[in-house]
Amino acid sequence: MEDPKRLKHFLDAKVAIYNQPSFIEKDPVSIPHFFTQKQDIEISGLFAATLAWGNRTTIINNCKKLMQWMDNVPHDFILHHKDTDLKAFLRFAHRTFNATDLLYFMAFLQYHYRGHDSLEDAFVPGKKYNEENVGQALLYFHQYFFSIEHPERTRKHIATPERNSACKRLNMYLRWMVRRDAQGVDFGIWSKIKPAQLVCPLDVHVARVAERLGLIDNIKSNWANATALTDQLKKLNPKDPAVYDYALFGLGMAERF
């Protein structure tokens, strides 16, 4: 890492640029921002994060389509739909995520919400989460998500640290649900996981920027690098390392740093 004070000043300035309400409209986080009920935010956010790869306009349009098919009340729809309500969903596809995967996600969510008030319980079953980072929560979620009868093909759509995946989209989802600040991009509606436990979402763009800044040694997008990057970011902001996702993402995507 280059001079930590200089780097913190540089990254904090970039956070101030990108962690803004204006960021919401063209980002998948715009989907849960259509809702106010906690469960609607959780469900729409999970779909938005899961589908967040590829062209951002396509991601947002496909997520809007899903929410419209759920009558824009996803929690109520998940709990109370009939089989005949699912006809439209049979023609859904986004990249390699198809109708089979979508229907399983909906079946799992129905199973979960019939016994729980919040999707946070799918990551942290107990009252508190005391781990250093969200690795154990992601391992638990993966195991729990596939604990009911499921199509084998759907397993590729939920990442796990066990396979050394960076779990970029799930870490982004957790950032949305856990972080809270005055800018209001993230929701901060979960309380068991603390911002200090979040792992910075790592993809090829963020990894490239992080390596250039001396925060990681190589540009591999994997769990080892995601946690190594987060450990470096904790030196700059111990309570909220994932806030630098805004800076690294902005530098990589908007500025081609």
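Everything that follows concerns the structure shown earlier in this document.
Residues numbered from 1 in each chain as written. Predicted model: local features only at pLDDT ≥ 70, side-chain atom pairs only at ≥ 80, totals over all residues. Heavy atoms only, no water.

> Would you mind going over the overall build of the protein chain in detail, with residue names and values included?
Helices and strands together make up the secondary structure of the protein chain, namely ten helices and two strands. Put simply, the protein chain runs from its N terminus to its C terminus through helices and strands in the order α-α-α-α-β-β-α-α-α-α-α-α. Principal axes of the C-alpha set define a box for the protein chain whose edges measure 60 × 35 × 35 Å. Sorting the 257 residues of the protein chain into buried and exposed places 55% on the buried side. Of the contacts formed within the protein chain by residues at least 6 apart in sequence, a portion of 66% connects residues at least 24 apart. In the protein chain, 34 positive and 29 negative side-chain charges are present, and the distance between their average locations comes to 3 Å. (Helix = DSSP H or I, 4+ residues; strand = E, 2+ residues; numbered from the N terminus. Buried < 20%, exposed > 50% of the residue type's maximum accessible area, 1.4 Å probe, protein only. Contact = heavy atoms within 4.5 Å. Lys, Arg positive; Asp, Glu negative; His and termini not counted. Charge placed at Lys NZ, Arg CZ, Asp CG, Glu CD.)

> Any details on the pattern of salt bridges? Residues and values, ideally.
In total, this model carries eleven salt bridges according to the counting rule given. Here lysine 8 makes a salt bridge to aspartate 12, at a shortest N to O gap of 3.1 Å. In this pair, lysine 8 and aspartate 12 are both assigned in helix H1 (residues 4-18), four residues apart and thus about one turn of the helix distant. For aspartate 12, a relative accessible area of 31% corresponds to the partly exposed category. When the shortest N-O distance is used, the salt bridge between arginine 155 and glutamate 152 registers 3.9 Å. Salt bridges sharing partners connect three or more residues here, namely Arg175, Arg179, Asp181, Asp186, Asp240 and Asp245. (Salt bridge = Lys/Arg side-chain N within 4 Å of Asp/Glu carboxyl O.)

> Let's hear about the packing of H1 against helix H10 (residues 244-254): which residues, and what values?
The N-to-C vectors of H1 and H10 enclose an angle of 80 degrees; their axes lie 8 Å apart at closest approach. As summarised for this structure, H1 and H10 are arranged roughly perpendicular, according to the angle between their axes. Here H1 contributes Lys8, Phe10, Leu11, Asp12, Lys14, Val15 and Tyr18 to the contact with H10, which in turn contributes Tyr244, Tyr246, Ala247, Leu248, Gly250, Leu251 and Ala254. Taken together, the residues of the contact of H1 with H10 break down into ten nonpolar, one polar and three charged. (Axes fitted to C-alpha atoms, helices over the stretch in contact; angles between N-to-C directions. Parallel < 35°, antiparallel > 145°, perpendicular 65-115°, else oblique. Nonpolar A, V, L, I, M, F, W, Y, C, P; charged D, E, K, R; others polar.)

> Account for unusual backbone geometry, with residues named and values stated.
For aspartate 71, which is not a glycine, the phi torsion comes out positive at approximately 60 degrees. Residue classification places aspartate 71 among the exposed residues on the basis of a relative accessible area of 54%. Non-glycine residue arginine 95 carries a positive phi angle of around 50 degrees. Secondary-structure assignment places arginine 95 in the loop between strand S1 (93-94) and strand S2 (97-98). Classification of arginine 95 as exposed rests on a relative accessible area of 56%.

> Outline the packing of helix H5 (residues 99-113) against helix H6 (residues 135-145), supporting the account with residue identities and numerical values.
Two numbers describe how H5 lies on H6: the axes approach to 11 Å, and their chain directions differ by 100 degrees. As summarised for this structure, H5 and H6 are arranged roughly perpendicular, according to the angle between their axes. Where H5 approaches H6, its residues Tyr104, Phe105, Phe108, Tyr111 and His112 are matched on the opposing element by Phe141, Tyr144 and Phe145. Within the contact of H5 with H6, the residues separate by chemical class into seven nonpolar, one polar and no charged.

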